[in-house]
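# Results of the structural survey
Next come the chains, spelled out residue by residue.
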Amino acid sequence: MEIKSVMVVGAGQMGSGIAQVCAMAGYKVYLNDLTDELVEKGLNVIEKNLSRQVEKERMTEIEKANVVENLNRSTDLNDAEKVDIVIEAATENMEVKKEIFAKLDKIAPEHVILASNTSSLPITEIAAATTRPEKVIGMHFMNPVPVMRLIEIIRGLATADEVYKTVEAMAKTLGKVPVEVNDFPGFVSNRVLMPMINEAIYTLYESVATKEAIDEVMKLGMNHPMGPLTLADFIGLDTCLYIMETLHEGFGDDKYRPCPLLRKYVKAGWLGKKTGRGFYIYD
């Protein structure tokens, strides 16, 4: 099966990034969200990213215009009738995702692949909301999408080999490196990353060291590009908490228990860079 057109559901940070790389690869893209304002916000982010590429002479104005030409606004899920694959990048919430997939299943033609950008939720459970579980798959892009090369491709219990191969081939056309992962909570990336971040938060919670010292140790001692507490702020502390809760529930193992300090910050609305305050304060 050949993919020519893509619908991205969710025009936030991840969705707009996915739409951008798909449009840059020559696919016709429908960027969908609940309102015109949300879609416009996502398109504005893409416009800024492309303009930056032109300024750095990594792209010409003509190439930028071609990318923009590939982007279409959508506030109607019925646009799924026009595409070959839908990539859902909505809120990281199982009930929300199952509702979206159930709707898409009724709208999209039989050949359409339904993919989720979930960072931790079971693809098999999402697929169960449809009548085509063999055509449901996970495509976990990394943030920021235009920069990061990895895509975790997650097979659900019923995902067909042909569907996997089609999505793997598409990922390569985006200039990404696809890695096959089986359907376990957190997959590989967040199963390894989030407990490390959670342990760093425990280290702060237990006053082992200051936040600056913890981040410096991991940067200079472990050669990480940024410290775990800074990274948590960039990811969003609410997202970190949700993924840790998914791991804790999915494995039933207390080594995944979220740190009380993480819960406290989320309850306070200190969610990281996006709210101006997390472990650090942002202007």
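As the structure is a computational prediction, the values presented were derived from the model and not from experiment.

Helix and strand content of the protein chain: eleven helices and eight strands. By the compact-globule yardstick of 19 Å for 283 residues, the protein chain fits well, its C-alpha radius of gyration being 19 Å. Across its three principal axes, the protein chain shows a C-alpha extent of roughly 55 × 45 × 30 Å. Of the contacts made within the protein chain by residues no fewer than 6 positions apart, 67% connect residues no fewer than 24 positions apart. Taking the average place of the 32 positive charges on the side chains of the protein chain and the average place of its 41 negative ones, the gap between the two points comes to 3 Å.

Two numbers describe how helix α8 (residues 211–222) lies on helix α9 (residues 228–235): the axes approach to 7 Å, and their chain directions differ by 100°. Overall, the two elements α8 and α9 adopt an arrangement that is roughly perpendicular. Together, K211, I214, D215 and M218 of α8 and P228, L229 and T230 of α9 make up the contact between the two elements. Considering only residue class, the contact of α8 with α9 consists of four nonpolar, one polar and two charged.

All right, on to the side chain of K64 then. Residue position: K64 is located in helix α3 (residues 61–69). A distance of 2.7 Å separates the side chain of K64 from the side chain of E47, its partner in a polar contact. Apart from residues lying up to four places away in sequence, K64 is in contact with E47, L50, S51, V54 and M59.

Before going further, it helps to spend a moment on the packing of aromatic side chains. For any pair of aromatic rings, the description rests on two quantities: the centre-to-centre distance and the angle between the ring planes. One pass over the structure, following the stated rule, counts five aromatic pairs. Pairwise contacts between aromatic rings join Y265, W270 and F279 into one cluster. Sitting above the plane of the Y164 ring, R155 keeps its charged end 4.5 Å from the centroid. Above the ring of W270, the side-chain terminus of R277 is found at 3.8 Å from the ring centroid.

On the surface, a nonpolar cluster with roughly 180 Å² of combined accessible area is contributed by L150, V177 and V179. Looking at the element boundaries, L150 is found in strand β7 (residues 150–155).

As a further point, take the UniProt feature "domain: 3-hydroxyacyl-CoA dehydrogenase C-terminal" (unreviewed entry) in the protein chain. Here the UniProt feature "domain: 3-hydroxyacyl-CoA dehydrogenase C-terminal" (unreviewed entry) sits at residues 186–282. In residues 186–282, helix accounts for 63% and strand for 0%; the two terminal C-alpha atoms are 28 Å from one another.

Between helix α7 (residues 189–205) and α8, whose axes approach to 9 Å, the crossing angle comes to 140°. The angle between α7 and α8 falls in the class oblique. For the element pair α7 and α8, the recorded crossing hand is right-handed. Of the residues in α8, those in contact with M196, A200, T203 and L204 of α7 are K211, I214 and M218. Here the residues of the contact of α7 with α8 sort into five nonpolar, one polar and one charged.

Moving on to the nonpolar core. Ranked by internal contacts, the top residues of the largest apolar core, which has 38 residues, are V6, I85, I87, M139, F141 and M170. With six residues, the top contributor of residues to this core is helix α1 (residues 13–24). Sequence-distant contacts of I85, that is, excluding residues within four places in its chain, are made with I3, S5, V6, M7, V112, I113, A115, M139, V167 and M170. Listed in part, the 25 residues of the second largest apolar core include L237, I243, L247 and Y256.

The positions UniProt marks with the feature "binding site: NAD(+)" (unreviewed entry) are G10, A11, G12, Q13, M14, G15, D33, E92, K97, S119, N143 and K274. These annotated residues cover 265 residues of sequence, and their C-alpha atoms sit far apart, with the largest distance between any two at 22.6 Å. With respect to the helices and strands, G10 occurs in the loop between β1 (5–9) and α1. Every residue in contact with G10, bar those within four places of it in the chain, is listed here: G15, S16, L31, N32, D33 and A89. Those residues in contact with D33 that sit more than four places away from it in its chain are G10, A11, G12, L38, V39, S74 and T75.

What follows is about the pattern of salt bridges. Scanning all chains against the criterion turns up 15 salt bridges. In this structure, E134 and K135 form a salt bridge, with 3.8 Å as the shortest nitrogen-oxygen distance. With relative accessibility at 30%, the residue E134 sits in the partly exposed group. For R155, the salt bridge is made with D161, and the minimal N-O distance between the two is 2.8 Å. A relative accessible area of 17% means that R155 is categorised as buried.

Thresholds, definitions, all that
- Residues numbered from 1 in each chain as written.
- Predicted model: local features only at pLDDT ≥ 70, side-chain atom pairs only at ≥ 80, totals over all residues.
- Heavy atoms only, no water.
- Helix = DSSP H or I, 4+ residues; strand = E, 2+ residues; numbered from the N terminus.
- Rg over C-alpha atoms; globule rule 2.2 N^0.38 Å.
- Contact = heavy atoms within 4.5 Å.
- Lys, Arg positive; Asp, Glu negative; His and termini not counted.
- Charge placed at Lys NZ, Arg CZ, Asp CG, Glu CD.
- Axes fitted to C-alpha atoms, helices over the stretch in contact; angles between N-to-C directions.
- Parallel < 35°, antiparallel > 145°, perpendicular 65-115°, else oblique.
- Nonpolar A, V, L, I, M, F, W, Y, C, P; charged D, E, K, R; others polar.
- Polar contact = N/O pair within 3.5 Å; in protein donor to acceptor, adjacent residues only side chain to side chain.
- Phe/Tyr/Trp six-rings, centres within 6.5 Å; stacked < 30°, edge-to-face > 60°.
- Lys NZ or Arg CZ within 6 Å of the ring centre and 35° of its normal.
- Patch = residues over 30% accessible without salt bridge, like charges linked within 9 Å, V, L, I, M, F, W, Y side chains within 5 Å.
- Areas by Shrake-Rupley, 256 points an atom, 1.4 Å probe, with all protein chains shown as cover.
- Salt bridge = Lys/Arg side-chain N within 4 Å of Asp/Glu carboxyl O.
- UniProt positions renumbered as here; feature names shortened; annotations may be inferred.
- Left-handed = near helix turned anticlockwise from the far one by under 90°.
- Core = buried A, V, L, I, M, F, W, Y, C linked by side-chain atoms within 4.5 Å.
- Buried < 20%, exposed > 50% of the residue type's maximum accessible area, 1.4 Å probe, protein only.

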